[in-house]
Amino acid sequence: MAKNSSEPTGSSPVITHVSSSTRSRGKLVSSSGEFRTFVDTATMRRRLRENARRIHVAQNPIPTMPGIADALVGSRGTDVLRAAVFDGSTTDIEATCAKWASGQPGADNVWINIYAADAGGHPVEPALYDGFAAGDSDRIEDLDDPMVKTFPLSVLPTAAGEDQFFVLRFVQGSGFGDEYFSQDYAFEADRRAPGGDSLVHPFIDPNVIRNGLTTNYLDANGGKLLIVVDPYDDQQPGDVLQAFMQVVGGTAPVPTLAKTVTDEGNVVTLEFLKDDLIAGGINGKVEVWLTCTDIAGNTATSPMIQFDTLLANAPSGFSPIFVPEHDNNGDLLTDTEARLNPAFFVPGYVNAVLNDVVRVVVFDAAGNEIMFEDIPVTDPAADPIVSGAFTLQELYVIQEAYGGDPVFSFTMTYRIMRNPFIVDTLQVTTINCDLTLPGGPDPDPETPINENLQPPTISGDNVIDEAEFSSPASTLVPFEAVDGTPAFELADAVQLFITDMSGGNRVPVGLPVSVTDPTADLTTIQVPAAMLVVGRMYFQYSLSRVVTGNKTVMAWSPIQPVTVRSSDGLPGGPNFLPLDKSIFRDADQSRGAPVRPSYSYTRVGDIVNGRPNPYRDMLVRIHYYENMAVGDVIKLTLEGSHTFPDYGPPAPDATFEYEHTVNGTDLTSRPTAIPEDALPGTNPPVAEPDQFVDFVIPYEDVRKVNAGQPGLGSMRVSYEITNAQGSNTSDPAVVLFATIDVRAPA
């Protein structure tokens, strides 16, 4: 039908409300859906806003557009039918339009046409619904002003999940002449939930997903857990977003405050508040989801995200780690303290429970974790609650992480791990270090000696013969370290000591000597003749240096064995032959109270774990003695006792004698290490003489002791040496024994 664009008066229709009337509307022009549009909804709305109404103003000069009626909500460029209209209770939609003065009573009828809208917002012919053809037209004189008409909801072919656009016209005509149209009224039937097929997951801090949500995390983040919603499909102004958290299996979710989208492409941040979560009983495994409701009332729900929470009885009340060797030393760790394995302590905290694990973490300069230690809580009420210690080797590793300079500072913290939670305490402790060591870096920091220092040289060749015995012995301390770097700095202090082969029982030789020339050997120290002892002596020096904070650090040199001879040609000289616990060379030197040498089946037995024992038999070692020479006859006596663990009366049936004549090999310098050195507790001498005689005592002899069972008891050692000048013995007053438990496992 022709359109008349010169009608003098008229107005556009308004959908005022919906009706549940069930009266028949007659035959529809089209309800097949062939005019459904699937154009992008945002584009459609924009074009409608820009084009739809403007186009029809040119056809009809009526200056006003219809307002939004009760049955419509919001504005996206067109009015929108509420989603609830399609819930099944509504059959008819009511629209209004101002009455036209040009209507001719008795001749003109008024009806409604409904069209699908194209991408530009224009009506698509033919109409989806033609009220005149459907028999639903009224005489103009029978209508009020404004005119009220209805059309059946069923003419809108909008299925669930669809969002479509339509045009409504009020039409006036006699049925014989031209028809006059109102301005086109564009509206939207929105049955599509926001997000399309699936609303996006909200974004939650991955640390929360991985480690759980704790009160400590919330406190560190302003008392909030942020839920970030990225732009989603069909996002529109007026969409209302809200997140919910609920204990899995619960029925009382805790909501965030709702937020409304203001523009397409908005990123919306929602907030769970700590106080709300605690008040809502949130604790344990929870699920979080998001809802989005558009202005039409369509609601979408996101998939759920699950994670753990610890908001009740959570660890709290944390304090920084403290390190006494650092804190009580002017906030500084030097090499001296570092060699004491400085301890660290974690203070007690609120709500500690048994089997919490405290993870102590050390960071490098960039904030990366370089080492950690997990320490279980065994006493939740203790304060400090756990402790640990740094080894010198670990401090060297940290030093390298900070560039290798011996003067550095590092940071450490601790976390509480309560499966599956990791609670970051946010307590950071700074440890200042000056690990400067005289003599340069220690190649073996686990020993008390700096192996980069060279040992002292006594009397030129470390031998004091009969002619030199009555005079002071010279000393040379090298200025150069083993690695070729200078060992000295100006004003370093050198102190010479007489010690034993293990570095114990140190006796200072004179006073410390200050280094005045770091590029020259130190030769001014003399060993008084009165301090010389015939036999084997051991010398060592300390090298001291003042470092940061006026602290003094000290390094120990390797031990230097020195042979001292006299005119007395007896084995061992005029004194008894040396006798100490190192004679039981392969014994465990760490057991008992007091500690004494001991042997177990593992150390001397024949078969261990079904295989031949590589450590089988006992090894008794006679170390170098004064006047040791080829042809000396050594007689070793082992007296067993059937008492355990201490030595009691000798047992003749467990007493053995062994004999050896010293040969050239015994006097040749050779390696001193034995396989048993790898076993815990062996503790070989630090400066063991490399000239010695080994006696191998068969396991069968050792197990002859019997304190109730074969192989359980004790054994005393003594020896005698004879040469052309006569004989000498170990001190008969010294009872040196080993505890024996070499019973084979059942």
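Everything here concerns the structure above.
Just so you know, these numbers come straight off a predicted model, no measurement behind them.

## Quick word on the overall build of the chain
Turning to step 1, where the next piece is worked out: When its secondary structure is counted, the chain shows 9 helices and 48 strands.
Turning to step 2, where the next piece is worked out: When contacts within the chain are restricted to residue pairs at least 6 apart in sequence, those whose partners lie at least 24 apart make up 71%.
Turning to step 3, where the next piece is worked out: Here the chain has roughly 32500 Å² of accessible surface; of this, 53% comes from carbon and sulfur atoms.

## Looking at the pattern of salt bridges
Turning to step 1, where the next piece is worked out: Counted under the stated rule, the structure contains 27 salt bridges.
Turning to step 2, where the next piece is worked out: In this structure, Asp 233 engages Arg 192 in a salt bridge whose closest nitrogen and oxygen atoms are separated by 2.6 Å. Note that Asp 233 is positioned in the loop between β13 (224-229) and β14 (240-247) and Arg 192 in the loop between β11 (185-190) and α2 (206-211), a separation of 41 residues in sequence.

## Side note on the environment of Pro 478
Turning to step 1, where the next piece is worked out: Structurally, the position occupied by Pro 478 is in the loop between β31 (473-476) and β32 (493-499).
Turning to step 2, where the next piece is worked out: For Pro 478 and Leu 453, which are 25 residues apart along the polypeptide, the C-alpha to C-alpha distance reads 8.3 Å.
Turning to step 3, where the next piece is worked out: With residues up to four places along the chain from it excluded, the contact list for Pro 478 reads Gln 454, Pro 455, Ala 487, Phe 488, Asp 521 and Tyr 541.

## Here's the deal with the sheet that holds strand β34 (residues 526-527)
Turning to step 1, where the next piece is worked out: Ordered in space as β29-β31-β34, the 3 strands form an open sheet in which the pairing is antiparallel. Whereas interior strands pair on both sides, the edge strands pair on one side only; in this sheet they are β29 (457-458) and β34.
Turning to step 2, where the next piece is worked out: Two strands pair when backbone bridges link them, and β31 and β34 are joined in this way by 2 bridges, in the antiparallel orientation. Looking at β34, one finds that Ala 473 is bridged to Val 527.

## Some remarks on the pairing of strand β28 (residues 429-434)
Turning to step 1, where the next piece is worked out: Two strands pair when backbone bridges link them, and strand β21 (residues 333-334) and β28 are joined in this way by 2 bridges, in the parallel orientation. Opposite Thr 334, over in β28, you have Asp 434 as the bridge partner.
Turning to step 2, where the next piece is worked out: Across 6 bridges, strand β26 (residues 407-418) lies against β28 in antiparallel orientation. Among the inter-strand pairings, Val 407 is bridged to a residue of β28, identified as Asp 434.

## Structural notes on the layout of surface pockets
Turning to step 1, where the next piece is worked out: Size it by volume and the largest pocket reaches roughly 890 Å³.
Turning to step 2, where the next piece is worked out: Of all the secondary structure elements, the ones that give two or more residues to the lining of the largest pocket are β32, β35 (535-547) and β42 (618-623).
Turning to step 3, where the next piece is worked out: Here the lining of the largest pocket gets 4 residues from one element, more than from any other, and that element is β35.
Turning to step 4, where the next piece is worked out: When its residues are assigned to classes, the lining of the largest pocket shows 20 nonpolar, 10 polar and 7 charged.

## A word on helix α7 (residues 392-401)
Turning to step 1, where the next piece is worked out: Residues of α7 that are buried: Leu 392, Leu 395, Tyr 396, Ile 398 and Gln 399. Each buried residue of α7 sits inside an arc of 160 degrees when the element is viewed along its axis, so together they form one side.
Turning to step 2, where the next piece is worked out: Looking at the buried positions of α7, the neighbouring elements they touch are α6 (335-338), β23 (357-363), β24 (369-376) and β26.
Turning to step 3, where the next piece is worked out: Remark: Gly 403 follows α7 within two positions and exhibits a positive phi of approximately 100 degrees.

## Re the nonpolar core
One recurring pattern in soluble globular proteins: nonpolar side chains tend to sit buried together.
Turning to step 1, where the next piece is worked out: Residues Val 358, Val 360, Ile 398, Phe 410, Met 412 and Val 494 are the most contacted members of the largest nonpolar core, which totals 57 residues.
Turning to step 2, where the next piece is worked out: The element contributing the most residues to this core is β26, with 5 residues.
Turning to step 3, where the next piece is worked out: Setting aside its immediate chain neighbours within four residues, Ile 398 contacts Val 362, Ile 370, Met 371, Phe 390, Phe 408 and Phe 410.

## Focus on the environment of Leu 290
Turning to step 1, where the next piece is worked out: With respect to the element layout, Leu 290 can be found in strand β18 (residues 284-293).
Turning to step 2, where the next piece is worked out: Take Leu 290: its relative accessible area is 0%, and that puts it in the buried class.
Turning to step 3, where the next piece is worked out: Along the backbone, Leu 290 and Ala 300 are 10 residues apart, and their C-alpha atoms lie at a distance of 8.2 Å.
Turning to step 4, where the next piece is worked out: Residue contacts for Leu 290: discarding those within four places in its chain leaves Leu 199, Val 200, Pro 202, Val 229, Leu 241, Gln 242, Ala 243, Leu 270, Ala 300, Thr 301 and Ser 302.

So, how was this worked out
- Residues numbered from 1 in each chain as written.
- Predicted model: local features only at pLDDT ≥ 70, side-chain atom pairs only at ≥ 80, totals over all residues.
- Heavy atoms only, no water.
- Helix = DSSP H or I, 4+ residues; strand = E, 2+ residues; numbered from the N terminus.
- Contact = heavy atoms within 4.5 Å.
- Areas by Shrake-Rupley, 256 points an atom, 1.4 Å probe, with all protein chains shown as cover.
- Salt bridge = Lys/Arg side-chain N within 4 Å of Asp/Glu carboxyl O.
- Pairing = 2+ DSSP bridges.
- 1 Å grid on protein atoms, 1.4 Å probe; cavity = no way out; pocket = protein on both sides within 12 Å on 5 of 7 lines; lining within 4 Å.
- Points joined across faces, edges and corners; volume = space filled by probe spheres on them.
- Nonpolar A, V, L, I, M, F, W, Y, C, P; charged D, E, K, R; others polar.
- Buried < 20%, exposed > 50% of the residue type's maximum accessible area, 1.4 Å probe, protein only.
- Arc of directions from axis to C-beta.
- Core = buried A, V, L, I, M, F, W, Y, C linked by side-chain atoms within 4.5 Å.

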